[in-house]
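A structural walkthrough
Listed below are the residues making up each chain.
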Amino acid sequence: MHNDAKSTSHDAIAQIDSDGRLRHLLTLDGLPPNRITALLDRAEAFRSTSAGVSKLLAGRTVVNLFFEPSTRTRTSFDLAAQRLGALVINFDVASSSTSKGETLLDTVHTLEAMHCDAFVVRHKESGTPATISRHLHSHAAVLNAGDGNHAHPTQGLLDALTLRRHRPDFSTLRVVICGDIRHSRVARSDVHALHALGAGEIRLCASAELLPDADEFPRCRIFHNFDEAIAGADVAIMLRLQKERMQAAAIPSESDYFTRYGLSAARLQRARTDCLVMHPGPINRGVEIAADVADGPQSLILEQVTNGVFVRMAVLAELLAADSTTPLRA
Ligand code: NCD
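Notes on the structure in this doc start here. What you see as residue numbers is a count from 1 along each chain, following the sequence as written. Local features in this predicted model are restricted to residues whose pLDDT is 70 or higher, and side-chain atom pairs enter the listing and the counts only when it is 80 or higher, whereas totals over whole chains, interfaces and linings include all residues. Hydrogens and water are ignored here; the side-chain numbers use all heavy atoms of the structure.

**Description of the site of the ligand**
The criterion for a residue being near a molecule or strand is simple. One of its heavy atoms has to lie within 4 Å of it. Taken together, the neighbourhood of the ligand is formed by Arg72, Thr73, Arg122, His152, Gln155, Arg185, Val186, Arg240, Pro280, Gly281 and Pro282. With respect to the ligand, the side chain of Thr73 contributes an N or O atom lying 3.0 Å from an oxygen atom. Between N or O atoms, a polar contact is any pair within 3.5 Å; within protein, one atom must be a potential hydrogen donor and the other a potential acceptor, and residues adjacent in sequence are included only when both atoms are from side chains. Within the side chain of Arg185, one N or O atom sits 2.7 Å away from an oxygen atom of the ligand. All accessible-area figures derive from a Shrake-Rupley calculation using a 1.4 Å probe, and residue coverage is judged against the displayed protein chains alone. Coverage of the ligand by the protein amounts to 93% of the 310 Å² it exposes when considered alone. Taking a 2 Å distance to the grid points as the criterion, the majority of the atoms of the ligand fall inside the largest pocket. Helix and strand definitions here come from DSSP, where helices need a minimum of 4 consecutive H or I residues and strands a minimum of 2 consecutive E residues; each element is numbered from the N-terminal end. Elements supplying a minimum of two residues to the shell around the ligand: α3 (72-83) and α7 (185-196). Gly is put with the polar residues, along with every residue not named as nonpolar or charged; the nonpolar set is Ala, Val, Leu, Ile, Met, Phe, Trp, Tyr, Cys and Pro, and the charged set is Asp, Glu, Lys and Arg. Looking at side-chain class alone, the shell around the ligand contains three nonpolar, four polar and four charged residues. Any residue with an atom within 4 Å of a point lines the site, the site being either a cavity, points on a 1 Å grid over the protein atoms alone where a 1.4 Å probe fits but cannot get out, or a pocket, an open set with protein on both sides within 12 Å along at least 5 of 7 lines. Being in a pocket or cavity means that more than half of the molecule's atoms lie within 2 Å of its grid points.

**A closer look at the packing of aromatic side chains**
Note on aromatic pairs: the rings of Phe, Tyr and Trp (six-membered ring only in Trp) are paired at centre separations within 6.5 Å, and the planes decide the class, stacked below 30 degrees, edge-to-face beyond 60, tilted for the rest. According to the stated counting rule, one finds one aromatic pair in the structure shown. Aromatic pair Tyr257 and Tyr261: ring centres 5.7 Å apart, planes at 40°, arrangement tilted. Note that Tyr257 and Tyr261 are positioned in helix α9 (residues 254-261) at a spacing of four residues, about one turn of the helix. Exposure categories follow from relative accessible area, calculated using a 1.4 Å probe and restricted to protein chains: below 20% of the type maximum is buried, above 50% is exposed, and the middle band is partly exposed. On the accessibility criterion, Tyr257 (4% relative accessible area) is buried.

**Some points on the sheet that holds strand β6 (residues 201-205)**
In space, the five strands of this open sheet follow the order β7-β6-β5-β8-β9, with parallel pairing throughout. With one partner strand each, in any of the chains shown, β7 (221-223) and β9 (276-278) form the two edges of the open sheet. Adjacent strand axes in the sheet meet at a mean angle of 20°, parallel and antiparallel pairs treated alike. Bridging between strand β5 (residues 174-178) and β6 involves five bridges; their strand directions are parallel. When the bridges of β6 are listed, Ile177 appears paired with Leu204. Pairing between two strands is assigned when DSSP locates at least 2 bridges connecting them. To define axes, lines are fitted to C-alpha atoms, for helices over the stretch in contact only, and angles between the resulting N-to-C directions are given on a 0 to 180 degree scale.

Put into C-alpha coordinates, the structure is as follows:
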(Lines give C-alpha, C1' and ligand atoms only; values in the text may rest on other atoms or scores of the structure.)
Protein backbone atom coordinates (compact mmCIF):
# COMPACT_ATOMS: atom_id res chain seq x y z
CA MET A 1 0.00 0.00 0.00
CA HIS A 2 1.39 3.38 -0.90
CA ASN A 3 1.97 6.03 1.69
CA ASP A 4 1.84 9.33 -0.09
CA ALA A 5 -0.87 11.78 -0.95
CA LYS A 6 -0.44 11.88 -4.70
CA SER A 7 -1.90 8.70 -6.15
CA THR A 8 -5.37 9.94 -6.74
CA SER A 9 -5.87 9.85 -10.47
CA HIS A 10 -6.12 6.06 -10.52
CA ASP A 11 -8.58 6.18 -7.61
CA ALA A 12 -10.65 8.81 -9.39
CA ILE A 13 -11.07 6.45 -12.34
CA ALA A 14 -11.45 3.27 -10.28
CA GLN A 15 -14.37 4.61 -8.28
CA ILE A 16 -16.60 5.05 -11.36
CA ASP A 17 -17.86 1.89 -13.13
CA SER A 18 -18.16 1.33 -16.87
CA ASP A 19 -21.80 2.55 -16.80
CA GLY A 20 -20.70 5.85 -15.27
CA ARG A 21 -22.06 5.02 -11.80
CA LEU A 22 -20.22 5.79 -8.58
CA ARG A 23 -19.04 2.33 -7.46
CA HIS A 24 -16.83 3.31 -4.49
CA LEU A 25 -16.00 6.61 -2.82
CA LEU A 26 -12.21 6.77 -2.50
CA THR A 27 -11.41 10.43 -3.16
CA LEU A 28 -12.95 13.73 -4.26
CA ASP A 29 -9.91 14.40 -6.45
CA GLY A 30 -11.12 14.17 -10.02
CA LEU A 31 -14.79 13.77 -9.09
CA PRO A 32 -16.66 16.06 -11.48
CA PRO A 33 -18.47 19.07 -9.98
CA ASN A 34 -21.90 17.77 -11.07
CA ARG A 35 -21.40 14.55 -9.11
CA ILE A 36 -20.33 16.49 -6.01
CA THR A 37 -23.32 18.79 -6.37
CA ALA A 38 -25.66 15.81 -6.85
CA LEU A 39 -24.39 14.23 -3.61
CA LEU A 40 -24.81 17.52 -1.73
CA ASP A 41 -28.34 17.92 -3.13
CA ARG A 42 -29.19 14.41 -2.04
CA ALA A 43 -27.81 15.10 1.44
CA GLU A 44 -29.87 18.29 1.55
CA ALA A 45 -32.99 16.32 0.60
CA PHE A 46 -32.36 13.88 3.46
CA ARG A 47 -31.86 16.84 5.76
CA SER A 48 -35.14 18.43 4.80
CA THR A 49 -37.17 15.26 5.41
CA SER A 50 -36.09 16.01 8.98
CA ALA A 51 -36.36 12.54 10.54
CA GLY A 52 -34.53 11.25 7.48
CA VAL A 53 -35.53 7.67 8.21
CA SER A 54 -36.27 5.40 5.28
CA LYS A 55 -36.05 1.78 4.22
CA LEU A 56 -33.96 2.48 1.12
CA LEU A 57 -31.19 0.13 2.26
CA ALA A 58 -33.34 -2.54 3.95
CA GLY A 59 -31.63 -5.92 3.67
CA ARG A 60 -28.19 -4.39 3.06
CA THR A 61 -25.26 -4.77 5.44
CA VAL A 62 -22.66 -2.08 6.04
CA VAL A 63 -19.41 -2.89 7.88
CA ASN A 64 -17.49 -0.19 9.68
CA LEU A 65 -13.83 -1.22 9.49
CA PHE A 66 -11.97 1.38 11.55
CA PHE A 67 -8.27 0.76 12.18
CA GLU A 68 -7.78 4.26 13.64
CA PRO A 69 -9.75 6.02 16.39
CA SER A 70 -12.91 7.88 15.41
CA THR A 71 -15.85 9.52 17.14
CA ARG A 72 -17.74 11.57 14.55
CA THR A 73 -17.05 9.63 11.36
CA ARG A 74 -17.77 6.15 12.69
CA THR A 75 -20.86 7.15 14.63
CA SER A 76 -22.31 9.13 11.76
CA PHE A 77 -21.73 6.33 9.23
CA ASP A 78 -23.43 3.99 11.70
CA LEU A 79 -26.42 6.33 12.14
CA ALA A 80 -26.62 7.09 8.43
CA ALA A 81 -26.76 3.40 7.48
CA GLN A 82 -29.29 2.61 10.21
CA ARG A 83 -31.51 5.53 9.25
CA LEU A 84 -31.63 4.08 5.74
CA GLY A 85 -32.69 0.70 7.11
CA ALA A 86 -29.35 -1.12 6.67
CA LEU A 87 -27.86 -3.53 9.15
CA VAL A 88 -24.55 -2.22 10.57
CA ILE A 89 -21.60 -4.22 11.85
CA ASN A 90 -19.06 -2.22 13.82
CA PHE A 91 -16.07 -4.47 13.34
CA ASP A 92 -14.01 -4.49 16.50
CA VAL A 93 -10.43 -4.50 15.27
CA ALA A 94 -8.89 -5.00 18.73
CA SER A 95 -10.81 -8.21 19.44
CA SER A 96 -10.77 -9.55 15.87
CA SER A 97 -8.51 -12.09 14.21
CA THR A 98 -6.35 -9.25 12.86
CA SER A 99 -4.74 -9.51 16.31
CA LYS A 100 -3.96 -13.17 15.44
CA GLY A 101 -2.11 -12.15 12.30
CA GLU A 102 -4.92 -12.34 9.73
CA THR A 103 -4.24 -9.94 6.87
CA LEU A 104 -6.58 -7.07 6.12
CA LEU A 105 -7.56 -8.59 2.77
CA ASP A 106 -8.30 -11.98 4.36
CA THR A 107 -10.50 -10.17 6.87
CA VAL A 108 -12.34 -8.38 4.07
CA HIS A 109 -12.82 -11.60 2.08
CA THR A 110 -14.16 -13.29 5.22
CA LEU A 111 -16.71 -10.51 5.70
CA GLU A 112 -17.61 -10.63 1.99
CA ALA A 113 -18.31 -14.35 2.35
CA MET A 114 -20.99 -13.33 4.87
CA HIS A 115 -22.57 -11.15 2.16
CA CYS A 116 -21.67 -7.70 3.40
CA ASP A 117 -22.52 -4.94 0.92
CA ALA A 118 -20.26 -2.08 1.94
CA PHE A 119 -17.01 -1.51 3.78
CA VAL A 120 -16.43 1.84 5.44
CA VAL A 121 -12.67 1.91 5.91
CA ARG A 122 -10.40 4.08 8.02
CA HIS A 123 -6.71 3.23 8.09
CA LYS A 124 -3.46 4.96 8.93
CA GLU A 125 -1.91 4.01 5.58
CA SER A 126 -2.83 6.08 2.54
CA GLY A 127 -4.24 3.89 -0.21
CA THR A 128 -5.75 1.14 1.96
CA PRO A 129 -9.40 1.68 0.83
CA ALA A 130 -8.27 1.68 -2.83
CA THR A 131 -6.30 -1.52 -2.30
CA ILE A 132 -9.35 -3.20 -0.77
CA SER A 133 -11.53 -2.00 -3.66
CA ARG A 134 -9.17 -3.65 -6.16
CA HIS A 135 -9.17 -7.01 -4.38
CA LEU A 136 -12.86 -7.49 -3.65
CA HIS A 137 -14.44 -10.85 -4.49
CA SER A 138 -17.96 -9.38 -4.55
CA HIS A 139 -19.81 -6.26 -5.70
CA ALA A 140 -19.39 -4.61 -2.31
CA ALA A 141 -18.73 -0.87 -2.20
CA VAL A 142 -15.75 0.68 -0.42
CA LEU A 143 -16.16 4.04 1.30
CA ASN A 144 -13.01 5.81 2.39
CA ALA A 145 -13.49 7.13 5.94
CA GLY A 146 -9.97 8.58 6.05
CA ASP A 147 -6.70 7.00 4.84
CA GLY A 148 -3.40 8.35 6.16
CA ASN A 149 -2.87 11.88 4.94
CA HIS A 150 -4.46 11.08 1.58
CA ALA A 151 -8.23 11.64 1.56
CA HIS A 152 -11.36 11.93 3.66
CA PRO A 153 -14.00 12.41 0.98
CA THR A 154 -17.13 12.41 3.17
CA GLN A 155 -15.53 15.11 5.35
CA GLY A 156 -14.85 17.18 2.23
CA LEU A 157 -18.48 16.75 1.20
CA LEU A 158 -19.90 17.61 4.60
CA ASP A 159 -17.70 20.69 4.82
CA ALA A 160 -18.88 21.77 1.36
CA LEU A 161 -22.52 21.17 2.33
CA THR A 162 -22.15 23.14 5.56
CA LEU A 163 -20.53 26.04 3.75
CA ARG A 164 -23.05 25.96 0.90
CA ARG A 165 -25.93 26.30 3.36
CA HIS A 166 -24.45 29.60 4.60
CA ARG A 167 -22.67 30.88 1.49
CA PRO A 168 -24.37 29.46 -1.61
CA ASP A 169 -22.13 31.45 -3.98
CA PHE A 170 -18.60 30.04 -3.71
CA SER A 171 -17.19 32.20 -6.50
CA THR A 172 -16.26 35.14 -4.30
CA LEU A 173 -15.28 33.16 -1.21
CA ARG A 174 -11.88 33.51 0.38
CA VAL A 175 -11.27 30.36 2.40
CA VAL A 176 -8.28 30.00 4.69
CA ILE A 177 -7.26 26.52 5.85
CA CYS A 178 -4.81 26.75 8.75
CA GLY A 179 -2.93 24.12 10.70
CA ASP A 180 -1.27 20.80 10.12
CA ILE A 181 -1.99 20.64 6.40
CA ARG A 182 0.87 18.27 5.63
CA HIS A 183 -0.71 15.43 7.60
CA SER A 184 -4.32 16.32 6.89
CA ARG A 185 -6.52 14.18 4.67
CA VAL A 186 -9.32 16.65 5.52
CA ALA A 187 -7.39 19.58 4.03
CA ARG A 188 -6.82 17.61 0.82
CA SER A 189 -10.46 16.60 0.42
CA ASP A 190 -11.65 20.11 1.35
CA VAL A 191 -9.38 21.64 -1.30
CA HIS A 192 -10.67 19.20 -3.93
CA ALA A 193 -14.30 19.96 -3.07
CA LEU A 194 -13.76 23.72 -2.88
CA HIS A 195 -11.94 23.83 -6.23
CA ALA A 196 -14.59 21.66 -7.88
CA LEU A 197 -17.32 23.98 -6.62
CA GLY A 198 -15.48 27.08 -7.84
CA ALA A 199 -14.22 28.67 -4.61
CA GLY A 200 -12.79 32.13 -5.33
CA GLU A 201 -9.55 31.77 -3.38
CA ILE A 202 -8.07 29.10 -1.16
CA ARG A 203 -5.31 30.10 1.24
CA LEU A 204 -3.24 27.47 3.01
CA CYS A 205 -1.45 28.60 6.14
CA ALA A 206 1.09 26.74 8.26
CA SER A 207 4.77 26.72 9.17
CA ALA A 208 7.02 25.27 6.45
CA GLU A 209 7.23 21.89 8.27
CA LEU A 210 3.46 21.54 8.34
CA LEU A 211 2.87 22.39 4.69
CA PRO A 212 2.94 19.79 1.92
CA ASP A 213 5.29 20.03 -1.05
CA ALA A 214 4.72 23.26 -2.97
CA ASP A 215 3.66 21.45 -6.15
CA GLU A 216 0.79 19.59 -4.48
CA PHE A 217 -1.57 22.58 -4.35
CA PRO A 218 -0.62 24.74 -7.34
CA ARG A 219 -3.92 26.66 -7.29
CA CYS A 220 -3.78 27.67 -3.61
CA ARG A 221 -2.07 30.69 -2.05
CA ILE A 222 0.48 29.69 0.56
CA PHE A 223 1.01 31.68 3.78
CA HIS A 224 3.27 31.18 6.78
CA ASN A 225 1.83 34.08 8.76
CA PHE A 226 -1.72 33.52 10.03
CA ASP A 227 -2.40 37.23 10.65
CA GLU A 228 -1.83 37.82 6.94
CA ALA A 229 -3.67 34.70 5.80
CA ILE A 230 -6.85 35.44 7.74
CA ALA A 231 -7.10 39.10 6.69
CA GLY A 232 -10.39 39.55 4.83
CA ALA A 233 -11.24 35.82 4.89
CA ASP A 234 -14.85 34.62 4.60
CA VAL A 235 -14.19 31.21 6.11
CA ALA A 236 -11.48 29.82 8.41
CA ILE A 237 -11.08 26.05 8.51
CA MET A 238 -8.85 25.05 11.42
CA LEU A 239 -6.98 21.76 11.70
CA ARG A 240 -5.65 19.74 14.59
CA LEU A 241 -1.92 19.01 15.01
CA GLN A 242 -1.88 15.34 14.02
CA LYS A 243 0.91 14.25 16.32
CA GLU A 244 0.23 10.60 15.54
CA ARG A 245 1.59 11.26 12.03
CA MET A 246 4.64 13.33 13.11
CA GLN A 247 8.18 12.51 14.13
CA ALA A 248 8.70 13.51 17.79
CA ALA A 249 11.16 16.24 16.76
CA ALA A 250 8.60 17.97 14.55
CA ILE A 251 6.00 18.49 17.28
CA PRO A 252 5.81 22.18 18.20
CA SER A 253 5.09 23.34 21.76
CA GLU A 254 1.35 23.89 22.13
CA SER A 255 1.60 27.40 23.53
CA ASP A 256 4.01 28.59 20.83
CA TYR A 257 1.79 26.98 18.26
CA PHE A 258 -1.31 28.78 19.55
CA THR A 259 0.53 32.11 19.50
CA ARG A 260 1.51 31.67 15.85
CA TYR A 261 -1.31 29.62 14.35
CA GLY A 262 -4.17 29.47 16.87
CA LEU A 263 -7.51 31.08 16.09
CA SER A 264 -8.16 33.52 18.93
CA ALA A 265 -11.04 35.99 19.06
CA ALA A 266 -8.55 38.84 18.43
CA ARG A 267 -7.17 37.14 15.32
CA LEU A 268 -10.65 36.36 14.02
CA GLN A 269 -11.32 40.12 13.99
CA ARG A 270 -8.84 40.45 11.12
CA ALA A 271 -11.20 38.38 8.95
CA ARG A 272 -14.51 39.65 7.57
CA THR A 273 -16.95 40.39 10.38
CA ASP A 274 -19.17 37.49 9.27
CA CYS A 275 -16.28 35.04 8.79
CA LEU A 276 -17.42 31.46 9.41
CA VAL A 277 -15.30 29.16 11.57
CA MET A 278 -15.04 25.46 10.80
CA HIS A 279 -13.09 22.51 12.18
CA PRO A 280 -13.49 18.81 11.37
CA GLY A 281 -12.92 17.82 15.01
CA PRO A 282 -11.62 16.59 17.31
CA ILE A 283 -10.74 20.09 18.52
CA ASN A 284 -7.89 20.80 20.89
CA ARG A 285 -9.04 23.88 22.77
CA GLY A 286 -6.27 26.41 23.30
CA VAL A 287 -3.97 24.71 20.74
CA GLU A 288 -5.37 25.41 17.25
CA ILE A 289 -8.55 27.21 18.36
CA ALA A 290 -9.58 29.22 21.41
CA ALA A 291 -12.53 27.83 23.35
CA ASP A 292 -14.56 31.05 22.99
CA VAL A 293 -14.15 30.94 19.20
CA ALA A 294 -15.03 27.24 18.98
CA ASP A 295 -18.17 27.89 21.00
CA GLY A 296 -18.87 31.34 19.55
CA PRO A 297 -21.57 32.59 17.18
CA GLN A 298 -19.41 32.26 14.05
CA SER A 299 -18.60 28.60 14.69
CA LEU A 300 -20.20 25.92 12.50
CA ILE A 301 -18.38 23.05 14.19
CA LEU A 302 -21.43 21.22 15.51
CA GLU A 303 -23.41 21.94 12.35
CA GLN A 304 -20.63 20.15 10.43
CA VAL A 305 -21.26 17.13 12.65
CA THR A 306 -25.01 17.26 11.96
CA ASN A 307 -24.45 17.50 8.22
CA GLY A 308 -22.06 14.56 8.35
CA VAL A 309 -24.93 12.16 8.93
CA PHE A 310 -26.90 13.47 5.91
CA VAL A 311 -23.84 13.41 3.64
CA ARG A 312 -23.10 9.81 4.64
CA MET A 313 -26.73 8.87 4.02
CA ALA A 314 -26.41 10.42 0.55
CA VAL A 315 -23.21 8.54 -0.25
CA LEU A 316 -24.52 5.20 1.05
CA ALA A 317 -27.77 5.66 -0.90
CA GLU A 318 -25.85 6.55 -4.05
CA LEU A 319 -23.58 3.51 -3.78
CA LEU A 320 -26.01 0.89 -2.49
CA ALA A 321 -29.61 1.66 -3.35
CA ALA A 322 -31.03 -0.42 -6.18
CA ASP A 323 -32.81 2.64 -7.57
CA SER A 324 -29.70 4.78 -7.37
CA THR A 325 -29.80 7.98 -9.38
CA THR A 326 -29.22 7.92 -13.14
CA PRO A 327 -25.55 7.58 -14.00
CA LEU A 328 -23.82 10.90 -14.51
CA ARG A 329 -21.30 11.06 -17.26
CA ALA A 330 -18.10 12.85 -16.28
C1 NCD B 1 -10.25 14.08 11.14
C2 NCD B 1 -9.59 12.83 10.65
O3 NCD B 1 -9.66 11.78 11.27
O4 NCD B 1 -9.01 12.95 9.59
N5 NCD B 1 -11.35 13.94 11.94
C6 NCD B 1 -12.57 13.61 11.41
O7 NCD B 1 -12.72 12.63 10.72
N8 NCD B 1 -13.60 14.44 11.69
C9 NCD B 1 -9.30 15.12 11.57
C10 NCD B 1 -8.36 14.84 12.70
O11 NCD B 1 -8.22 13.72 13.19
O12 NCD B 1 -7.71 15.81 13.14
